[in-house]
Amino acid sequence: MASASGIARRTGRRFLSSLPALLGVLVFTFLLMRVLPGDPAVFFASGPNAGKAEIEEIRRQMGLDKPVPEQLVRYLGDVAQGQLGRSMTTGQPVLTDLRQRLPASLELTFTALVIALLLAIPLGIAAALRPGSVVDHAVRFLCALGVCVPTFVSGLLLIYVFYYLLGIAPDPTGRVDVFAASPPDITGFLLIDFPLVGDWEGFRAAAGQLVLPALTMALFVLAPLARITRAAMLSVLGSDFIRTARSLGLPRRRVIVTYGLRNAILPVLTIAGIVFSTMLGANVLVEKVFSWPGVASYALDALLASDYAPVQGFVLLMASLFVVVNLTVDVLYGLADPRVSIE
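Residues numbered from 1 in each chain as written. Predicted model: local features only at pLDDT ≥ 70, side-chain atom pairs only at ≥ 80, totals over all residues. Heavy atoms only, no water.

Asker: With reference to specific residues and values, describe the packing of aromatic side chains.
Answerer: Evaluation of the coordinates by the stated rule reveals four aromatic pairs. Between Phe 30 and Tyr 75, the aromatic rings sit 5.6 Å apart at their centres with planes inclined by 25 degrees, giving stacked as the arrangement. Placement of Phe 30 in helix H1 (residues 4-35) and of Tyr 75 in helix H4 (residues 68-80) is noted, with a sequence separation of 45 residues between them. With respect to class, Phe 30 is no different from Tyr 75; both count as buried. (Phe/Tyr/Trp six-rings, centres within 6.5 Å; stacked < 30°, edge-to-face > 60°. Helix = DSSP H or I, 4+ residues; strand = E, 2+ residues; numbered from the N terminus. Buried < 20%, exposed > 50% of the residue type's maximum accessible area, 1.4 Å probe, protein only.)

Structure representation (structure tokens):
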């Protein structure tokens, strides 16, 4: 297995090489927000009937009275100091808003990814073991259905069936019931904070609120995970070492799990990393349908209000998380297969 120092060196080099990309994302997002139609100063100055002096004051507060190159230099300087600006919508620093909302998005995305992997890997293995069979066709149909149905449609269908018809799901009104008390803000993850304070009733309630939105997202990303698992397993199961293991009379379970799945897991890790990064930024419809207070819905509300700072902060956050996820996948590569070169 690769040494910890080798993994650290490679991770450091990959992180440094990603800094120009992050800078490009910053500049592109900044310029894109400036060319969008509409004047945010008019929006925040109580509408189009606001006086000229009031609008100019808002523009001065937002820094829009300066030339665009000067605005860009100031913005990059603020980012370098860890300041992402202030949201005109909430009145709070963008960094504070993102810090408060990010745990909600991460908790939802992590749970959805775990559900998707728990479903996709067995389905992909089952389809690979019986190519062309009824099981294989059923798995491919399920994957196609998950891709074709938009997340807001599947979310509304789940709400209709499990909340409205069956009455077994809680109200789709956020992370906790409107009448329940939230736990102390320790980590921001309710599934962790409730057990830390010994409130298991709150834990069950939070988990219940999480099931439907997480399942909605999991169904949407089930297809790529199941398909890559099936393709990777088919490739590995046709290898010489698998035929040798079978000819030696090794147990079928050991051949499939120990020799087959372990060698097929690398492309699954790659797709899982890409899927996780995509889910963080693309779950805005799920957050809106289930009133989930995450960063994606926060950015959408800011975009509709022409509130520049939150949108820029959100894009920077997503780009940074994408880099972190890629670095994590690199580390997991070395742990899953020692043959992967760290250098």
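Asker: Residue-level account of the nonpolar core, with values.
Answerer: If you look at the biggest cluster of nonpolar residues, it comprises 52 residues, and the most contacted ones within it are Leu 98, Leu 108, Leu 225, Met 279, Val 295, Leu 317 and Met 318. Contact partners of Leu 225, with chain neighbours within four places excluded, come to Leu 113, Ala 116, Leu 117, Ala 120, Ile 271, Ala 272 and Val 275. Counting residues in hydrophobic clusters, the runner-up holds 17 residues, among them Ile 125, Ala 232, Ala 264 and Val 268. (Core = buried A, V, L, I, M, F, W, Y, C linked by side-chain atoms within 4.5 Å. Contact = heavy atoms within 4.5 Å.)

Asker: Run through the environment of Gly 188, naming residues and quoting values.
Answerer: Residue position: Gly 188 is located in the loop between helix H7 (151-165) and helix H8 (190-196). Judged by relative accessible area, Gly 188 falls into the buried class, the value being 10%. Between the C-alpha atoms of Gly 188 and Leu 166, which are 22 residues apart in sequence, the distance is 31 Å. In contact with Gly 188, other than residues within four places in its own chain, are Pro 103, Arg 175 and Asp 193.

Asker: Give me the side chain of Thr 229: which residues, what numbers.
Answerer: Turning to its location among the elements, Thr 229 is positioned in helix H9 (residues 200-237). Here Thr 229 falls in the buried class, since its relative accessible area comes to 2%. Setting aside chain neighbours within four positions, we find Thr 229 in contact with Ala 120, Ile 121, Gly 124, Ile 125 and Val 268.

Asker: Can you tell me about the state of the cysteines, naming the residues and giving the values?
Answerer: Disulfides are covalent bonds that link the sulfur atoms of two cysteine residues. This structure, assessed with the given rule, holds zero disulfides. Cys 143 carries a free sulfur, and the closest cysteine sulfur to it, the one in Cys 148, is 11 Å from it. When its relative accessible area of 2% is taken as the criterion, Cys 143 is described as buried. (Disulfide = S-S within 2.5 Å.)

Asker: Break down the packing of helix H6 (residues 134-148) against H9 for me, citing the residues and quoting the values.
Answerer: It is the contact of H6 with H9, at a shortest axis distance of 7 Å, that shows an interaxial angle of 140 degrees. Classified by the angle their axes make, H6 and H9 are oblique. Where H6 crosses over H9, the handedness of that crossing is left-handed. Here Asp 136, Arg 140, Leu 142, Cys 143, Ala 144, Gly 146 and Val 147 of H6 come into contact with H9, specifically with Leu 219, Phe 220, Leu 222, Ala 223, Ala 226, Arg 227 and Arg 230. By residue class, the composition of the contact of H6 with H9 is nine nonpolar, one polar and four charged. (Axes fitted to C-alpha atoms, helices over the stretch in contact; angles between N-to-C directions. Parallel < 35°, antiparallel > 145°, perpendicular 65-115°, else oblique. Left-handed = near helix turned anticlockwise from the far one by under 90°. Nonpolar A, V, L, I, M, F, W, Y, C, P; charged D, E, K, R; others polar.)

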